[in-house]
Each structure stands twice: as structure tokens, then as C-alpha cells.
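A look at the structure
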Amino acid sequence: MPAIRKRDTNAWIRRVAATYHKKVGEVGYLFCDDDHILQVNREFLQHDYFTDIITFDYCEDNVLNGDIVISLDTVRSNAELFHKTYEEELHRVIIHGILHLCGINDKGPGEREQMEAAENKALELLQ
């Protein structure tokens, strides 16, 4: 389990969700290794590649509900690649999943830039 301050992180997630007029319901996190996230990716999404995060959206109305699977191996690798600390990259990935639950996508034209801007704005709220 990563060394994150659960109470502070939960409060931050609620602040970010509120900026999208959302409330946080039940959001589960599974922190795992690359092998496990690859297995999840294959089984549920029919994708045969590693990723840092997979978000399963069970939202109802304005209440965020979902499961977020995060590969700590990939978070660590990406932190090195992007010259960030492990904690900075972990927070970015956590909020990335929450932003997906808020309705922000990152696969279509221009969406990746919108997601990155939303991530940066959310990270500014982390205090």
C-alpha cells in the first residue's frame, strides 16, 4: 500500500469532485503490480498491454461510484520517465481516475490535453 494520507487524499478528491458538481459515493482502489493490471486489462477490456490505471465507472447521477485499479510499478516507472517524485505521479494517477468518473475522457481528439489540464488544476487543489 502506498504511503498516502488517506484522510487528506479523500478530502482532496471530494474538493475536486465538487468542482464538477459531483459528490463522492463509493470509490474503491486496488493498488497492484504490472502483471495484475495486465490481467485486468485482458480480462475486462480485451487489451493486451500494460497501463498505469484502469477505471470502472458505476456512477449514478451526480454521485461518483467506481473501482480504480492502479499499477504501482507503472506509476514508479512513469515518475522516473517524467522526472516527478513517486508521490506526485501517484496523486496524478489517482486524480486521473476520479476525473474519468467526473466524465472527462482522454482517448479522442483533443481529449488528452483536456485531461492533462484538468489533472494540473486538480493537483493545485492538493494541499
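Please refer to the structure higher up on the page.
Fair warning: this is a prediction, and the values are worked out from it, not measured in the lab.

1. A few points about the packing of helix α3 (residues 72-81) against helix α4 (residues 86-101)
One way to put it is that α3 packs onto α4 with a least axis distance of 8 Å and a crossing angle of 120°. Put simply, α3 runs oblique to α4. The handedness of the crossing between α3 and α4 comes out as right-handed. Side by side, α3 and α4 meet where L72, V75, R76, N78 and A79 of the first sit next to Y86, E89, L90 and V93 of the second. The class makeup of the residues in the contact of α3 with α4 is six nonpolar, one polar and two charged.

2. Focus on the layout of surface pockets
What the largest pocket holds in volume is close to 740 Å³. Lining the largest pocket are 25 residues, with D52, I53, H96, D106 and R112 positioned closest to its centre. Every element with two or more residues in the lining of the largest pocket is listed here: α2 (34-45), β2 (53-57), α4 and α5 (111-124). Residue classes in the lining of the largest pocket are distributed as seven nonpolar, nine polar and nine charged.

Rules used in this analysis
Residues numbered from 1 in each chain as written. Predicted model: local features only at pLDDT ≥ 70, side-chain atom pairs only at ≥ 80, totals over all residues. Heavy atoms only, no water. Axes fitted to C-alpha atoms, helices over the stretch in contact; angles between N-to-C directions. Helix = DSSP H or I, 4+ residues; strand = E, 2+ residues; numbered from the N terminus. Parallel < 35°, antiparallel > 145°, perpendicular 65-115°, else oblique. Left-handed = near helix turned anticlockwise from the far one by under 90°. Contact = heavy atoms within 4.5 Å. Nonpolar A, V, L, I, M, F, W, Y, C, P; charged D, E, K, R; others polar. 1 Å grid on protein atoms, 1.4 Å probe; cavity = no way out; pocket = protein on both sides within 12 Å on 5 of 7 lines; lining within 4 Å. Points joined across faces, edges and corners; volume = space filled by probe spheres on them.

In short, shape yes, function no, at least from these values alone.
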